[in-house]
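Below, each chain spelled out in residue letters.
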Amino acid sequence: MMPTLSLPAPAKLNLMLHIVGRRDDGYHELQTLFQFVDYGDELHFSRRDDGQVHLHGELAGVDHDDNLIVRAARLLQQESGTTHGADIRLDKRLPMGGGLGGGSSDAATTLLGLDRLWQLGMDPERLAALGLRLGADVPVFVRGRAAFAEGVGERLTFVEPDEPWYLVVVPQVFVSTAEIFSDPELTRDTPPIKVRTVLERGGRNDCQPVVEKRYSEVRNALILLNKFVSARLTGTGGCVFGAFPNEAEAVKVAAQLPATLPGFVAKGSNISMLHRKLENLS
Ligand SMILES: C[C@](O)(CO)[C@H](O)COP(=O)(O)OP(=O)(O)OC[C@H]1O[C@@H](n2ccc(N)nc2=O)[C@H](O)[C@@H]1O
Ligand SMILES: Nc1ncnc2c1ncn2[C@@H]1O[C@H](COP(=O)(O)OP(=O)(O)OP(=O)(O)O)[C@@H](O)[C@H]1O
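Residues numbered from 1 in each chain as written. Chains lettered and ligands numbered in written order. Predicted model: local features only at pLDDT ≥ 70, side-chain atom pairs only at ≥ 80, totals over all residues. Heavy atoms only, no water.

Moving on, we get to the overall build of the protein chain. When its secondary structure is counted, the protein chain shows ten helices and ten strands. Against the compact-globule benchmark of 19 Å for 282 residues, the protein chain has a radius of gyration of 19 Å, which places it among compact chains. Across the protein chain, every contact between residues at least 6 apart in sequence was considered, and the portion connecting residues at least 24 apart equals 76%. Summed over all atoms, the accessible surface of the protein chain reaches about 12900 Å², with 49% contributed by carbon and sulfur. (Helix = DSSP H or I, 4+ residues; strand = E, 2+ residues; numbered from the N terminus. Rg over C-alpha atoms; globule rule 2.2 N^0.38 Å. Contact = heavy atoms within 4.5 Å. Areas by Shrake-Rupley, 256 points an atom, 1.4 Å probe, with all protein chains shown as cover.)

And the structure:
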């Protein structure tokens, strides 16, 4: 039996997200603060020597070959020229279309996991650049450090904001990122600010008004959570979150939410739990 490498794929939160412009290709220029939380998917990798990549288990609505895990594995094969393949299992815990970056995190864990399993020793910079080809949020997961991101999310400045406990609430809706970014009412002219200002004074999520307008489930979740703590949308939603000084206070609020509004409590972290685990392995 081949040994199995098991690695986490944590969620991210966008602590703020400003839209400062739009590029000629329609993509939006952002300023966003990424922090990881100690909660996420788990991936299990074992090596194959026939060059094939197999992801076991279905993900509703995503074809095997479209899954970011499979795409990441094949991209890494192509770029490295390795003859190895892999069997991959995914324990999915993160909601899809939640703004928690689950698909991007799975892709990043695949790049780092297979780099290790296949003993490629690829430079982290290069893995991050490969990740960018799969999605704007993949590089920050590859680097594994909390970051202020600019451009479409690829220009990273590593930062160390406070690491509170979060209650993340998961409204039962799928929010399409493309739909939010194409809404005419989205504001795209927030003046750019310095990372220092963000860390001192915070910011807002420019997508939030549009998401609240289109999805009553998200609006209601924000209203409810705001009764206990200052609540905000992550990414293009639909998940919303609030910060607490300790786990007990977050759990107390979680217990008061209705059953129709599931959620989880997790610690914010400036070093992703993937990187903490990889560090421990080596
Ligand atoms: C909003 C964030 O979650 C912040 O973390 C990410 O920037 C979203 O990145 P993502 O999930 O990788 O987004 P994609 O799935 O690549 O984008 C879906 C669609 O959203 C629009 N899009 C996305 C990112 C961006 N900076 N500008 C855009 O206009 C594009 O029309 C794109 O086709
Ligand atoms: N391994 C994967 N896990 C989740 N989604 C995947 C995966 N592979 C491909 N996808 C596709 O990516 C889409 C976005 O999923 P994801 O969970 O990353 O959303 P998200 O949390 O809203 O991301 P973001 O914060 O980047 O907007 C899914 O709807 C799905 O079609």
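Below, the discussion takes up the site of ligand 1. Around ligand 1 sit 15 residues in total, of which K12, N14, H28, D137 and F181 are the nearest. Separating an oxygen atom of ligand 1 from a side-chain N or O atom of Y27 is a distance of 3.5 Å. A distance of 2.7 Å is found between an oxygen atom of ligand 1 and a side-chain nitrogen or oxygen belonging to H28. About the coverage of ligand 1: the protein hides 76% of its 640 Å² of free accessible area. Every element with two or more residues in the shell around ligand 1 is listed here: β1 (5-22), β2 (28-48) and α5 (177-181). (Near = heavy atom within 4 Å. Polar contact = N/O pair within 3.5 Å; in protein donor to acceptor, adjacent residues only side chain to side chain.)

This paragraph deals with the site of ligand 2. By nearness alone, 21 residues border ligand 2, and N67, L68, G99, G101 and G103 come closest of all. Between ligand 2 and N67 there is a distance of 2.9 Å, counted from a nitrogen atom to a side-chain nitrogen or oxygen. One of the side-chain nitrogen or oxygen atoms of T177 is found 3.3 Å away from an oxygen atom of ligand 2. For ligand 2, the accessible surface in isolation is 610 Å², of which the surrounding protein chains cover 81%. Counting residues per element, the ones that place at least two in the shell around ligand 2 are α1 (68-80) and α2 (102-117). A breakdown of the residues in the shell around ligand 2 according to their chemical character gives eight nonpolar, nine polar and four charged. (Nonpolar A, V, L, I, M, F, W, Y, C, P; charged D, E, K, R; others polar.)

This part takes up the pattern of salt bridges. Overall, the coordinates contain 17 salt bridges when judged by the stated rule. Notably, a salt bridge pairs R214 with E179, separated by 2.8 Å at the nearest N-O pair. With R214 in helix α7 (residues 208-214) and E179 in helix α5, the pair connects residues that are 35 residues apart, well separated along the chain. R214 gets classed as partly exposed once you look at its relative accessible area, which sits at 38%. In this structure E179 comes out as partly exposed when scored by relative accessible area, which is 28%. Among the salt bridges present, the one from K213 reaches E185, with a minimum N-O distance of 3.4 Å. On the criterion of sequence distance, the pair formed by K213 in helix α7 and E185 in the loop between α5 and α6 (195-201) is long-range, its members being 28 residues apart. (Salt bridge = Lys/Arg side-chain N within 4 Å of Asp/Glu carboxyl O. Buried < 20%, exposed > 50% of the residue type's maximum accessible area, 1.4 Å probe, protein only.)

Before going further, it helps to spend a moment on the nonpolar core. Ranked by internal contacts, the top residues of the largest apolar core, which has 39 residues, are F45, L76, I88, L114, L127 and V142. Setting aside residues up to four positions removed in sequence, L127 forms contacts with L76, L111, L112, D115, M122 and V142. Grouped together as the second largest cluster of nonpolar side chains are 27 residues, L186, C207, Y215 and V253 included. (Core = buried A, V, L, I, M, F, W, Y, C linked by side-chain atoms within 4.5 Å.)

What follows is about the side chain of Q77. Assignment of secondary structure puts Q77 in helix α1. Only 2.8 Å separates the side chain of Q77 from the backbone oxygen of H84, close enough to count as a polar contact. Setting aside residues no more than four positions away along its own chain, Q77 makes contact with G51, V53, T82, H84, G85 and W118.

Sheet analysis places β2 next to strand β10 (residues 263-269), joined by two bridges and oriented antiparallel. In the strand pairing of β10, V37 is matched with G268. Pairing analysis gives five bridges linking strand β7 (residues 165-169) to β10, with the strands arranged antiparallel. Following the sheet pairing, Y166 is matched in β10 by A266. (Pairing = 2+ DSSP bridges.)

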